[in-house]
Amino acid sequence: MLNFDQIINQISHGSMKSLNLINNQIGSERAIQLAEALKVNSSIRNLNLYDNKFEDIGAKSLVEALKVNATLQAFPSEWKDTIFSLNAEQQFNINNLLE
């Protein structure tokens, strides 16, 4: 089994096509690392991060990465109706950002 740093390395170098990290206790710091890797990835097509522990900053980083990543095609349906709040004044629905 790969550790998180090895996964990030494989994503960054485009050798991974699918990633399932369901219920892996991924916090915001790791979500940000994952987001940075996804920005340069040109091979990953499926990603599932359901039931992890990252907060708004991690979610925002991932959404920003998904705007840049042109190859990602499948994203977990559990997130489709998720509303993330960035602060007291701003909320966004991931559907609006991924369209």
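Described below are features of the structure shown in this document.

What counts as what
Residues numbered from 1 in each chain as written. Predicted model: local features only at pLDDT ≥ 70, side-chain atom pairs only at ≥ 80, totals over all residues. Heavy atoms only, no water. Helix = DSSP H or I, 4+ residues; strand = E, 2+ residues; numbered from the N terminus. Buried < 20%, exposed > 50% of the residue type's maximum accessible area, 1.4 Å probe, protein only. Contact = heavy atoms within 4.5 Å. Areas by Shrake-Rupley, 256 points an atom, 1.4 Å probe, with all protein chains shown as cover. Salt bridge = Lys/Arg side-chain N within 4 Å of Asp/Glu carboxyl O. 1 Å grid on protein atoms, 1.4 Å probe; cavity = no way out; pocket = protein on both sides within 12 Å on 5 of 7 lines; lining within 4 Å. Points joined across faces, edges and corners; volume = space filled by probe spheres on them. Core = buried A, V, L, I, M, F, W, Y, C linked by side-chain atoms within 4.5 Å. Arc of directions from axis to C-beta. Polar contact = N/O pair within 3.5 Å; in protein donor to acceptor, adjacent residues only side chain to side chain.

**So, the overall build of the protein**
- What the protein contains, in helices and strands, is four helices and four strands.
- Order of helices (α) and strands (β) in the protein, N terminus to C terminus: α-β-α-β-α-β-β-α.
- By the burial criterion, 38% of the 99 residues in the protein qualify as buried.
- A sequence separation of at least 24 residues applies to 70% of the contacts in the protein between residues at least 6 apart.
- Carbon and sulfur atoms make up 44% of the accessible area of the protein, which amounts to about 6,000 Å² in all.

**Quick word on the pattern of salt bridges**
- In this structure the tally under the stated criterion is two salt bridges.
- K67 is paired through a salt bridge with E64; the nearest N and O atoms lie 3.3 Å apart. With K67 and E64 both in helix 3 (residues 56–68), this residue pair falls three residues apart, about one helical turn.
- For K67, a relative accessible area of 46% translates into the label partly exposed.

**A look at the layout of surface pockets**
- What the largest pocket holds in volume is close to 170 Å³.
- Every residue along the wall of the largest pocket is listed here: M1, L2, N3, F4, I7, L21, N24, I26 and R30.

**Remarks on the nonpolar core**
- Counting 22 residues, the largest nonpolar core has I11, L19, L21, L34, L38, L49 and L62 as the members making the most contacts within it.
- Listed by contribution, the elements that provide at least two residues to this core are helix 1 (4–12), helix 2 (28–40) and helix 3.
- Non-local contacts of L34, meaning those with residues more than four positions away in its chain, are made with F4, I8, I11, L19, L21, L49 and L62.

**Overview of unusual backbone geometry**
- Of note in this structure, N23 is not a glycine but carries a positive phi near 50°.
- Turning to its location among the elements, N23 is positioned in the loop between strand 1 (18–20) and helix 2.
- Accessibility expressed as a relative area gives 43% for N23, which makes it partly exposed.
- A positive phi angle is found at Q25, which is not glycine, with a value near 60°.

**Things to note about helix 1**
- Buried residues of helix 1: F4, I7, I8 and I11, and no others. Buried residues of helix 1, seen end-on, are gathered within an arc of 100° and therefore sit on one face of the element.
- Where helix 1 begins, one side-chain oxygen reaches toward the backbone nitrogen of D5, 3.0 Å away; that side chain belongs to N3.
- Among the residues trailing helix 1, G14 stands out with phi positive, at a value near 70°.

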